[in-house]
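# Structure at a glance
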Amino acid sequence: MTRTITLIPGDGVGPEITEVVKKCIAAFHLDIEWDIQQAGATVMHEENTPLPERVLESIRKNGVALKGPVETPIGKGFRSVNVQLRQTLDLYASVRPCKYYEGIRSRITNPYAIDLVIVRENTEDLYAGIEFMEKCGEDNPLIRFLKEQKGVDLECDTGLSIKPISARGSERIVRFAFEYARRHGRKTVCAVDKANIMKYSDGLFMKTAEEVSRRYPDIPYSHKLVDNMCMQLVQFPEKYDVLVLPNLYGDIISDLTAGLVGGLGVAPGANMGDGFAVFEATHGSAPDIAGKDMVNPTGMLLSAMLMLQHIGETDAARRLEYAVATVIREKKRVTADLKNEGDRTPAAGTAAMGEAIVEKIREG
Ligand code: NAD
């Protein structure tokens, strides 16, 4: 039966990298049909919103989407398209695998053993948007409340951000991490937070993670404080497998781990919930190189690889990853950012690198 997948080309370099993905996936002759839905700055003028309802309807119908980067118009009162997608479709887990591919520049002396997955909670924490501006010269009920109820005397020029972390939100993200580990043959799960300082938010996350871990005796579980984890990841990244974190730490740590294996240009990602999954590269629309045939398609191709795994096309996923890894390792037809420093041979354009990957898929 034909499988329909929503494809959002996006803005800037988005159409160039989605074109490469379409060609690579076509090389597998799978029964996949793309439901192409434009979103972002591209449709703003015509539809007066960067995320038209038809895009959401398409994802609801198809269950799975592959998305290019989209720009959210700044200062025009629109919510971020990515935030809106996550909230509307309840995509509560951000999944960022982080694996080193030979040939990519890394500052780590032994990056070869790095193969971990960040599972970041996507809906709570300091990202919930519960914020209060500093306000002097008039009554500030929250500051008054904190003084009366908690005995905390804050200056009126203090801004406040609230950090909500619930047992339900923690339970489902940790369960997701363990289920992901089981499904993908991962060996361990480590929960990361700052439970020693924020006892009622991170402390609740830690307590819930421990409880959930008991339901998965086959997968060894550990816990680390986030500051220690930063050091561990720089010194011994090969020791870690699946990491599960609240929103803010997940955001920061996933960029750190992307940096370990070569940066955002090569990092894939997915936003997933119980009903829907949206796969996308972690970089933005790169307007400075848009339309110049310079963008590295790796992040988007590896996101497509995750999507193929998700829909059960595991053989195609494995072959796509192998083809991408081989082209990167050979370094003959790769974009400029993948070339070694001092390498004077010409870089390939985005389309030519895509062609090289299609050839590898066909070869084997
Ligand atoms: P960016 O990731 O687009 O670019 C940062 C720098 O990295 C640029 O110099 C760019 O040329 C380079 N770069 C990024 N991806 C690359 C690739 N694959 N190959 C080669 N070079 C690459 O970040 P930004 O400039 O902060 O954001 C630009 C726009 O993208 C903004 O409007 C932002 O809101 C949007 N954005 C969207 C998403 C998303 O949709 N998931 C994510 C991040 C940013």
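Our subject is the structure that appears above.
This is a predicted model, so every value here is computed, not measured. (Residues numbered from 1 in each chain as written. Predicted model: local features only at pLDDT ≥ 70, side-chain atom pairs only at ≥ 80, totals over all residues. Heavy atoms only, no water.)

Helices and strands together make up the secondary structure of the protein chain, namely 12 helices and 12 strands. Taken against the 2.2 N^0.38 rule, which gives 21 Å for 364 residues, the C-alpha radius of gyration of the protein chain at 22 Å falls within 12% of a compact globule. Dimensions of the protein chain along its principal axes, counting C-alpha atoms only, are 70 × 50 × 50 Å. A total of 364 residues make up the protein chain; the buried ones form 51% of that total. Within the protein chain, residue pairs in contact and separated by at least 24 positions form 74% of the contacts whose partners lie at least 6 positions apart. When the accessible area of the protein chain is evaluated, it comes to approximately 17,300 Å², of which 51% is carbon and sulfur surface. Across the protein chain, the centroid of the 45 positively charged side chains sits 4 Å from that of the 51 negatively charged ones. (Helix = DSSP H or I, 4+ residues; strand = E, 2+ residues; numbered from the N terminus. Rg over C-alpha atoms; globule rule 2.2 N^0.38 Å. Buried < 20%, exposed > 50% of the residue type's maximum accessible area, 1.4 Å probe, protein only. Contact = heavy atoms within 4.5 Å. Areas by Shrake-Rupley, 256 points an atom, 1.4 Å probe, with all protein chains shown as cover. Lys, Arg positive; Asp, Glu negative; His and termini not counted. Charge placed at Lys NZ, Arg CZ, Asp CG, Glu CD.)

Taken together, the side chains of I130, F132 and I162 present a nonpolar region at the surface, about 220 Å² in accessible area. The topology assignment puts F132 in strand β6 (residues 131–132). When its relative accessible area of 36% is taken as the criterion, F132 is described as partly exposed. (Patch = residues over 30% accessible without salt bridge, like charges linked within 9 Å, V, L, I, M, F, W, Y side chains within 5 Å. Salt bridge = Lys/Arg side-chain N within 4 Å of Asp/Glu carboxyl O.)

The subject of this paragraph is the pairing of strand β2 (residues 32–36). Both strand β1 (residues 3–8) and β2 contribute to a ladder of 5 bridges, which runs parallel. By the bridge assignment for β2, L7 is matched with I36. The parallel pair β1 and β2 is bridged by helix α1 (residues 14–26), and the resulting crossover is right-handed. (Pairing = 2+ DSSP bridges. Right-handed = clockwise from strand over helix to strand, strands pointing away.)

Tallied over the full model, the rule gives 1 disulfide. Covalent S-S linkage joins C136 and C156, the inter-sulfur distance amounting to 2.0 Å. Taking the sign of the S-S torsion, 95 degrees for the link of C136 and C156, the bridge is right-handed. Of this pair, C136 sits in the loop between β6 and α5 (141–150) while C156 sits in the loop between α5 and β7 (160–161), placing them 20 residues apart in sequence. Residue classification places C136 among the partly exposed residues on the basis of a relative accessible area of 41%. Free cysteine C190: the closest other cysteine sulfur is in C230, separated by 12 Å. (Disulfide = S-S within 2.5 Å.)

A word on the pairing of strand β5 (residues 115–121). Among the 7 residues in β5, 6 count as buried, and that is most of the element. Inspection of the sheet shows strand β4 (residues 93–99) paired to β5 by 7 bridges, in the antiparallel sense. Bridge pairing in β5 places S94 opposite R120. The pairing of β5 with strand β10 (residues 242–245) spans 4 bridges and is classified as parallel.

Within the secondary structure, S213 sits in helix α7 (residues 202–213). Within the structure, the side chain of S213 is placed 2.6 Å from the backbone oxygen of E210, a separation counted as a polar contact. (Polar contact = N/O pair within 3.5 Å; in protein donor to acceptor, adjacent residues only side chain to side chain.)

Spatially, the 10 strands line up as an open sheet ordered β2-β1-β3-β12-β11-β4-β5-β10-β8-β9, and their pairing is mixed. Two strands lie at the open edges of the sheet, namely β2 and β9 (221–225), each paired on one side alone. When the angles between neighbouring strand axes are averaged without regard to direction, this sheet yields 25 degrees. Helix-sheet contacts for helix α9 (residues 247–260) involve β4, β5, β8 (189–193) and β10, and the interaxial angle to β5 is about 155 degrees. Sheet contacts for helix α10 (residues 298–310): β1, β2, β3 (64–67), β4, β11 (268–272) and β12 (277–281); angle to β12, the most-contacted strand, approximately 155 degrees. (Axes fitted to C-alpha atoms, helices over the stretch in contact; angles between N-to-C directions.)

A word on α9. Along its 14 residues, α9 runs 20 Å from first to last C-alpha, staying within 8% of the 20 Å computed at 1.5 Å per residue. Backbone geometry just downstream of α9 places G262 in the positive-phi region, at approximately 120 degrees. (Expected span 1.5 Å × (residues − 1).)

On to the site of the ligand. Surveying the vicinity of the ligand reveals 16 residues, the closest of which are V70, G284, S285, A286 and D288. Measuring from an oxygen atom of the ligand, one finds a backbone N or O atom of A286 at 2.7 Å. Contacts to the ligand include D288, whose side-chain N or O atom sits 2.8 Å from an oxygen atom. Protein contacts shield 61% of the accessible area of the ligand, which totals 820 Å² for the unbound molecule. Its residues assigned to classes, the shell around the ligand comprises 6 nonpolar, 6 polar and 4 charged. (Near = heavy atom within 4 Å. Nonpolar A, V, L, I, M, F, W, Y, C, P; charged D, E, K, R; others polar.)

If you look at the biggest cluster of nonpolar residues, it comprises 87 residues, and the most contacted ones within it are L320 and I357. Contact partners of L320, with chain neighbours within four places excluded, come to C24, F28, L301, A304, M305, L308, I357 and I361. Core analysis: the next-biggest nonpolar cluster, separate from the first, contains 13 residues, A39, V55, L56 and V70 among them. (Core = buried A, V, L, I, M, F, W, Y, C linked by side-chain atoms within 4.5 Å.)

Bringing the packing of helix α6 (residues 167–183) against α7 into the picture now. Axis separation between α6 and α7 bottoms out at 9 Å; the angle between their running directions is 45 degrees. With respect to their mutual orientation, α6 and α7 come out oblique. Where α6 crosses over α7, the handedness of that crossing is right-handed. Across the interface between the two elements, A167, S170, E171, I173, V174, R175 and F178 of α6 pack against L204, F205, T208, A209, V212 and S213 of α7. (Parallel < 35°, antiparallel > 145°, perpendicular 65-115°, else oblique. Left-handed = near helix turned anticlockwise from the far one by under 90°.)

Any functional reading would require information that these geometric values do not contain.
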